[in-house]
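# Per-entry structural report
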Amino acid sequence: MSRGIPSEVPVKLATRRIGGLGVSYRPGTVDGQVLDIVLGDNRYQFPDDMSGMTVIDIGAHIGSATMLCASRGATVYAHEPAPENYNLCQDNVFGNDLDAHVFQLAVGAPGIRTLYLNPANTASNGDRAIQGHEESEASYVPVEARWVSLKTVFSSNKIDHCDYLKMDCEGDEVDVIPQILLLHDKISVVVGETHEGQWPIPTPGLDKQINEAVASLDAYYSRTQIGDHEYRWTHK
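The notes below deal with the structure included here.

How each quantity is defined
- Residues numbered from 1 in each chain as written.
- Predicted model: local features only at pLDDT ≥ 70, side-chain atom pairs only at ≥ 80, totals over all residues.
- Heavy atoms only, no water.
- Core = buried A, V, L, I, M, F, W, Y, C linked by side-chain atoms within 4.5 Å.
- Buried < 20%, exposed > 50% of the residue type's maximum accessible area, 1.4 Å probe, protein only.
- Helix = DSSP H or I, 4+ residues; strand = E, 2+ residues; numbered from the N terminus.
- Contact = heavy atoms within 4.5 Å.
- 1 Å grid on protein atoms, 1.4 Å probe; cavity = no way out; pocket = protein on both sides within 12 Å on 5 of 7 lines; lining within 4 Å.
- Points joined across faces, edges and corners; volume = space filled by probe spheres on them.
- Nonpolar A, V, L, I, M, F, W, Y, C, P; charged D, E, K, R; others polar.
- Expected span 1.5 Å × (residues − 1).
- Arc of directions from axis to C-beta.
- Axes fitted to C-alpha atoms, helices over the stretch in contact; angles between N-to-C directions.
- Parallel < 35°, antiparallel > 145°, perpendicular 65-115°, else oblique.
- Left-handed = near helix turned anticlockwise from the far one by under 90°.

### Thoughts on the nonpolar core
Most often, soluble globular proteins have nonpolar side chains that are buried together. Membership of the largest hydrophobic core comes to 34 residues, with the highest contact counts inside it found for L35, L39 and F46. When residues of this core are traced back to their parent elements, those giving at least two are β2 (21-25), α1 (31-40), α2 (64-71), β4 (75-79), α3 (83-95), β5 (100-103) and β10 (187-193). If you tally residues by element for this core, the top one is α2, at 5 residues. If we skip the residues at most four places from it in the chain, L39 touches I18, L21, V23, V34, S64, M67 and L68. One finds V107, V148, I180 and V214 within the second-largest nonpolar core, a separate group that totals 31 residues.

Rendered as structure tokens:
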């Protein structure tokens, strides 16, 4: 059962079918590549049968991981702050009648602040690496967004245990990972992408923070690299 109602997305869309799911996306953007990698190829190695599982998707984009997990039986709580991405994620969930709750929220340090949308890459929106760099900041579109804590995600949705937490949050992993550590006994597997060195300007300070945060997960999780910047952490 889908949660929510279909939205009106004021952009040119195309549709395709992947794994039996009808998917709307923006042609000529990275949407198609993300769909192929995450939904089509199952980059994060989600199991075939996810019946009864709970998944938290942080940085859901247009719903690739959310759709995959929900179509395999999981209940998914998807979080995506970028307006067009959120609308498409909502539409893709609704159109496939999936058991997923979609929220126009970011997860990290709680508060309301500026999210910078990247016109050249629909999957690369953030609030960290470009702030204070006028040339880079000018090429992005600023919008207001709300962040909530991971603890709030658990409490507001009455989640007792999360089987899979997926994060792809454009540098905000430095805030999300410490919160994962506080709740590690409630999270079995973490999968996601890290973003050190993936910005249009040098970010040595942020890169160091990301690397230190990622290393801190080793205290409770066994790490396996599954892509250039993608990892899977399984609770020890």
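Structure's up, so let's keep going.
### Here's the deal with the layout of surface pockets
What the largest pocket holds in volume is close to 760 Å³. Together, 41 residues line the largest pocket, and A123, D168, E170, E193 and H195 are the ones closest to its centre. Within the residue set of the lining of the largest pocket, elements represented by two or more residues are α1, α2 and β6 (106-107). Considering every element that reaches the lining of the largest pocket, the biggest residue donor is α1, with 4 residues. Size it by volume and the second largest pocket reaches roughly 190 Å³. Across the lining of the second largest pocket, the residue classes tally to 5 nonpolar, 4 polar and 2 charged.

### Quick look at helix α6 (residues 173-182)
In terms of burial, α6 is largely enclosed, as 8 of its 10 residues are buried. E173, V174, D175, V176, I177, Q179, I180 and L181 are the residues of α6 that are buried.

### A closer look at helix α7 (residues 204-216)
The first and last C-alpha atoms of α7 sit 18 Å apart over 13 residues, in line with the 18 Å expected at 1.5 Å per residue. Considered for burial, the residues of α7 that qualify are L206, D207, I210, A213 and V214. For α7, the buried positions fall inside an angular range of 130° around the axis, keeping them on one side. In α7, the exposed positions angled more than 90 degrees off the buried face are occupied by P204 and K208. Looking at the packing, one finds that the buried side of α7 touches α6, β11 (221-225) and β12 (230-235).

### Here we look at the packing of α6 against α7
Relative to each other, α6 and α7 sit at 20°, their axes nearing to 9 Å. The angle between α6 and α7 places the two elements in the roughly parallel class. In terms of crossing hand, the pair formed by α6 and α7 is left-handed. Residue-level contacts link E173, V174, I177 and L181 of α6 to L206, Q209, I210, A213, V214 and S216 of α7. Residues that form the contact of α6 with α7 fall into these classes: 7 nonpolar, 2 polar and 1 charged.

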